[in-house]
Amino acid sequence: MDVTIYHNPACGTSRNTLDLIRHAGIEPTVIEYLKMPPTREQLLRMIADAGLTVRQAVREKGTPYAELGLGNPDLTDDQLLDAMLKDPILINRPFVLTPMGTRLSRPSEAVLDILPANVFKGPFAKEDGERILDDEGNRIV
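So, a few notes on the structure that sits alongside this text.

Thresholds, definitions, all that
Residues numbered from 1 in each chain as written. Predicted model: local features only at pLDDT ≥ 70, side-chain atom pairs only at ≥ 80, totals over all residues. Heavy atoms only, no water. Salt bridge = Lys/Arg side-chain N within 4 Å of Asp/Glu carboxyl O. Helix = DSSP H or I, 4+ residues; strand = E, 2+ residues; numbered from the N terminus. Buried < 20%, exposed > 50% of the residue type's maximum accessible area, 1.4 Å probe, protein only. Axes fitted to C-alpha atoms, helices over the stretch in contact; angles between N-to-C directions. Left-handed = near helix turned anticlockwise from the far one by under 90°. Contact = heavy atoms within 4.5 Å. Nonpolar A, V, L, I, M, F, W, Y, C, P; charged D, E, K, R; others polar. Polar contact = N/O pair within 3.5 Å; in protein donor to acceptor, adjacent residues only side chain to side chain. Arc of directions from axis to C-beta.

**Brief notes about the pattern of salt bridges**
For side chains of opposite charge, pairing can occur when their charged atoms come near one another.
Step number 1: Within this structure, the stated rule accounts for 11 salt bridges.
Step number 2: With a closest N to O distance of 2.9 Å, Arg22 and Glu27 form a salt bridge.
Step number 3: Of the charged contacts, one joins Asp49 and Arg45 as a salt bridge, the two residues approaching to 3.8 Å between their closest N and O atoms. Of the two residues, Asp49 and Arg45 are both situated in helix 2 (residues 40–49); the distance of 4 residues between them amounts to about one turn of the helix.
Step number 4: Owing to a relative accessible area of 41%, Asp49 belongs among the partly exposed residues under this scheme.

**Notes on the packing of helix 2 against helix 3 (residues 77–86)**
Step number 1: Orientation of helix 2 relative to helix 3, taken along the N-to-C sense of each, is 115°, at an axis distance of 11 Å. Judged by the sense of rotation from one axis to the other, the crossing of helix 2 with helix 3 is right-handed. Residues Arg40, Leu43, Leu44 and Ile47 of helix 2 touch helix 3, and the partners they reach there are Asp78, Leu81, Asp82, Met84 and Leu85.
Step number 2: Of the residues in the contact of helix 2 with helix 3, the class split is 6 nonpolar, no polar and 3 charged.

**Some points on the side chain of Thr98**
Step number 1: Within the fold, Thr98 resides in strand 3 (residues 95–98).
Step number 2: One polar contact links the side chain of Thr98 to the main-chain amide nitrogen of Met100, over a distance of 2.9 Å.
Step number 3: A polar contact of 2.8 Å, which involves the side chain of Thr98, links it to the backbone oxygen of Ile114.
Step number 4: Residues within four places of Thr98 in sequence aside, it is in contact with Met1, Asp2, Val3, Ile114 and Leu115.

**So, helix 2**
Step number 1: For helix 2, every residue scored as buried is listed here: Leu43, Met46 and Ile47. Along the axis of helix 2, the buried residues cluster in a sector spanning 95°; they form a single face. Residues Glu41, Arg45 and Ala48 are exposed on helix 2 and point more than 90 degrees away from its buried face.
Step number 2: As for helix 2, its buried residues are in contact with strand 1 (4–7), helix 3, strand 3 and strand 4 (101–104).
Step number 3: Where helix 2 ends, the next residue or the one after it, Gly51, has phi of about 75°, a positive value.

Written out as structure tokens, the structure is:
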């Protein structure tokens, strides 16, 4: 299965999502988006395919969101996109693309919606110990 994850290795949610994809027996294409950000067109497509607004795709926590005044409701989508492309840390993560759809995998188990259900062979827990899959590989949450 062709899977791409826009990943930040410093982000626990992103790490959990990547581990969950690998737990499914899939080795995804990993794009460290801080080093290689998406193009404007790619970012717009991911946002639209995930069913989000541009504002929903902007990351606030741990970013210059407040300092840049990005909470201003008068800002246009184009202005928000410009900020995200100029400073990719403002792109919420992780975005995951599969033939079954695109998700902003927050929380990480949202990726389960776009992975085949029958590929998991055992339990899975997040870094914090929260169980996502039971002993048979079935979704708990």
